[in-house]
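A structural walkthrough
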Amino acid sequence: MTDPMFSVGDKVRIRDAYPIGHCRTPFYTRGITGKIERHCGNFANPEELAYRRDGQPAVPLYRVRLPMRQMWPDYTGAPLDTLEVEIFEHWLEPDD
Amino acid sequence: MHDYTHHHPHPNQPDEEDGPFTEYRLLEVALRELLIEKQVITQAELHKTYQMMDDRGPHNGARMVAKAWSDPAYLDLMRRDATAAAKSIGLEPTWLNLIALENTDAIHNVVVCTLCSCYPWPLLGLPPDWYKSRTYRSEVVRNPRKVLAEFGTNLPETTEVRVHDSSADMRYLVVPKRPEGSEGWSEEELAELVTRDSMIGVVPALAIEDL
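Residues numbered from 1 in each chain as written. Chains lettered and ligands numbered in written order. Predicted model: local features only at pLDDT ≥ 70, side-chain atom pairs only at ≥ 80, totals over all residues. Heavy atoms only, no water.

Turning our eyes to something else, we now look at the overall build of chain B. Helix and strand counts for chain B stand at 11 helices and four strands. Relative to the compact-globule value of 17 Å for 211 residues, chain B shows a C-alpha radius of gyration of 22 Å, a clear excess of over 25%. Considered along the principal axes of its C-alpha atoms, chain B spans approximately 60 × 60 × 40 Å. Burial status across chain B gives 40% buried among its 211 residues. Taking the intrachain contacts of chain B between residues at least 6 apart in sequence as the baseline, contacts between residues at least 24 apart amount to 64%. (Helix = DSSP H or I, 4+ residues; strand = E, 2+ residues; numbered from the N terminus. Rg over C-alpha atoms; globule rule 2.2 N^0.38 Å. Buried < 20%, exposed > 50% of the residue type's maximum accessible area, 1.4 Å probe, protein only. Contact = heavy atoms within 4.5 Å.)

This paragraph deals with the state of the cysteines. Using the criterion set out here, one finds zero disulfides over all chains in the structure. Between A:Cys40, a cysteine without a disulfide, and B:Cys118, which holds the nearest cysteine sulfur, the sulfur-to-sulfur distance is 13 Å. The cysteine B:Cys116 is free of any disulfide, with B:Cys113 supplying the nearest cysteine sulfur at 3.5 Å. (Disulfide = S-S within 2.5 Å.)

Moving on, we get to the layout of surface pockets. Residue and element names in this part refer to chain B. There is about 390 Å³ of room inside the largest pocket. Surrounding the largest pocket, 21 residues form its lining, Asp105, Leu155, Lys177, Pro204 and Ala205 being those nearest its centre. Split by residue class, the lining of the largest pocket holds nine nonpolar, seven polar and five charged. (1 Å grid on protein atoms, 1.4 Å probe; cavity = no way out; pocket = protein on both sides within 12 Å on 5 of 7 lines; lining within 4 Å. Points joined across faces, edges and corners; volume = space filled by probe spheres on them. Nonpolar A, V, L, I, M, F, W, Y, C, P; charged D, E, K, R; others polar.)

Quick look at the environment of B:Met53 now. Examined against the element boundaries, B:Met53 turns out to sit in helix H2 (residues 43-54). The spatial distance from the C-alpha of B:Met53 to the C-alpha of B:Arg196 is 17 Å, given a sequence separation of 143 residues.

Residue and element names in this part refer to chain A. Most of strand S2 (residues 33-43) sits inside the fold, with eight of its 11 residues counted as buried. Where strand S1 (residues 11-14) meets S2, three bridges bridge the pair, whose relative direction is antiparallel. Within S2, the residue paired with Val12 across the bridge is Gly34. The sheet contact formed by S2 and strand S3 (residues 59-67) spans seven bridges and is antiparallel. In the sheet register, Lys35 faces S3, and the bridge partner there is Arg65. (Pairing = 2+ DSSP bridges.)

A word on the sheet that holds strand S3 (residues 160-165) of chain B. Judged by pairing direction, the sheet is mixed, and its seven strands sit side by side in the order S5(A)-S1(A)-S2(A)-S3(A)-S4(A)-S3(B)-S2(B) without closing on themselves. Only two strands of the sheet have a single neighbouring strand rather than two, namely strand S5 (92-94) of chain A together with strand S2 (107-112) of chain B. When strand polarity is set aside, the average angle formed by the axes of neighbouring strands in this sheet is 35°. Pairing geometry for S3(A) and strand S4 (residues 82-88) of chain A, over seven bridges, is antiparallel. Looking across to S4(A), one finds that A:Arg65 is bridged to A:Glu84. (Axes fitted to C-alpha atoms, helices over the stretch in contact; angles between N-to-C directions.)

The subject of this paragraph is the domain arrangement of chain B. Taken domain by domain, chain B holds domain 1 (21-54) and domain 2 (58-210). The centre of domain 1 of chain B, based on its C-alpha atoms, is set 34 Å off from the matching centre of domain 2 of chain B. (Domains from an automatic or database assignment.)

On the side of chain A, 26 residues touch chain B, which itself brings 27 residues to the contact. Between chain B and chain A, roughly 2200 Å² of surface is buried when both sides are summed, and carbon and sulfur atoms account for 49% of that area. Of all residues in chain B, B:Val141, B:Arg142 and B:Ser167 bury the most surface against chain A, accounting for 23% of the area lost on that side. The interface formed by chain B and chain A contains three salt bridges. The salt bridge partner of A:Glu84 is B:Arg162, with a shortest N-O separation of 3.7 Å. Where the side of chain B that touches chain A is concerned, the elements lending two or more residues are strand S1 (97-102), helix H9 (144-150), S3 and strand S4 (170-175) of chain B. The residue makeup of the side of chain B that touches chain A, split by class, is 12 nonpolar, eight polar and seven charged. Bridge count for S4(A) against S3(B) is four bridges, and the pairing is parallel. Bridge pairing links A:Val85 to B:Asp165 in S3(B). (Buried area = accessible area lost by both parts, 1.4 Å probe. Salt bridge = Lys/Arg side-chain N within 4 Å of Asp/Glu carboxyl O.)

Residues and elements named next belong to chain B. The set of residues buried in helix H4 (residues 72-80) consists of Tyr74, Leu75, Leu77 and Met78. Each buried residue of H4 sits inside an arc of 160° when the element is viewed along its axis, so together they form one side. Opposite the buried face of H4, by more than 90 degrees, sit the exposed residues Pro72, Ala73 and Arg80. Of the surrounding elements, those touching the buried residues of H4 are helix H3 (58-70), helix H5 (82-88), S1 and S4. (Arc of directions from axis to C-beta.)

As a further point, take the side chain of B:Thr153. Residue and element names in this part refer to chain B. With respect to the helices and strands, the residue Thr153 is situated in the loop between H9 and S3. Of note is the side chain of Thr153, whose polar atom sits 2.6 Å from the backbone oxygen of Val202. Sequence-distant contacts of Thr153, defined by excluding residues within four places in its chain, comprise His108, Leu148, Val202, Val203 and Pro204. (Polar contact = N/O pair within 3.5 Å; in protein donor to acceptor, adjacent residues only side chain to side chain.)

Take a look at the structure:
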C-alpha cells in the first residue's frame, strides 16, 4: 500500500489542471487551497477504472476542507462556512 | 339494502404479466436459471440478496441515529468507524465506506454529490429526485444557506455550514441534533423522529410535536 504523502492539517492546493478523460475532481475545486481533514484510505484510481483497467496501485484518497469564501469570492453566507470534498493524492500539491 | 349492479368497468391496474416479455426479461430468466443449474449461485443466496435489496431504506439510517442519540459508546464508534457501527447492529452495507457527520449548534452538515448521485443506499434507500437534480447539485455548493432556507432550515451566522461533496469512495450519514423534549425516549421511539432528509442534512429531525 502506498503511504499517504499528506497528514491531517497539511495545507494543500488542488491542482488547477484540465486533463481529458474521466476524473472525480469537481471543476469548482480546482486551484483552491485547503487543509487535509483525513486520509480516507487508498482506493483504485477512478481515472483508470473508467476505462476498464484495474486502477492499481490504489491511490491515497483524502478529504480536503475548503473555505467557501476562497472558492466563491462573492460568497454571501457566513465567513466560517466550509466545504469538504474527496480528492485523490495525484490531484494535490503542497501549499507552502 | 342498496341494489348495486355493475354498470361500469373498474379502473384496472395492469398485472405484472400484462407488460411485454422483453428480451431483457428473457435474458434475466435464462441467466438466473443457468447460474443455479451450474451451481454458480444458489436459490437461497439469490433470495437473501433480494431481501437485502428490498430492506434498503431510511429506517436503517434512523436506527443508527437513534442509537447514537441514546448510547454514548455507540456514538463514539460512529465517530471512529461508522461502517463498523452499521455492521454492529446487523446492517450489512457491504460496499460502504461510511462517515457519520454530527450536526451541532456549532456545525451544520449537508451532503451532496455534484458529479453524479452518490448516496448511502443501504441506509437511506434510493435517493430522492431532488438530490439528483442539477439545481440541487450545483446550488448547494454555491449558496448552501439559500438552499437550506428553501427546505425551511434557517441557520444563524454563528453556525458553520459544512457542505460535503460525496465525490469519490466515501458515503455520508448526517446525525441530526436530538430534538428537545425527547429525553428518556426508547430507541424505537427516537427513530420515528429521524427522517430521510434529516440524514442528508437539509432539515432537522422532527420536533416531538410533529409526530
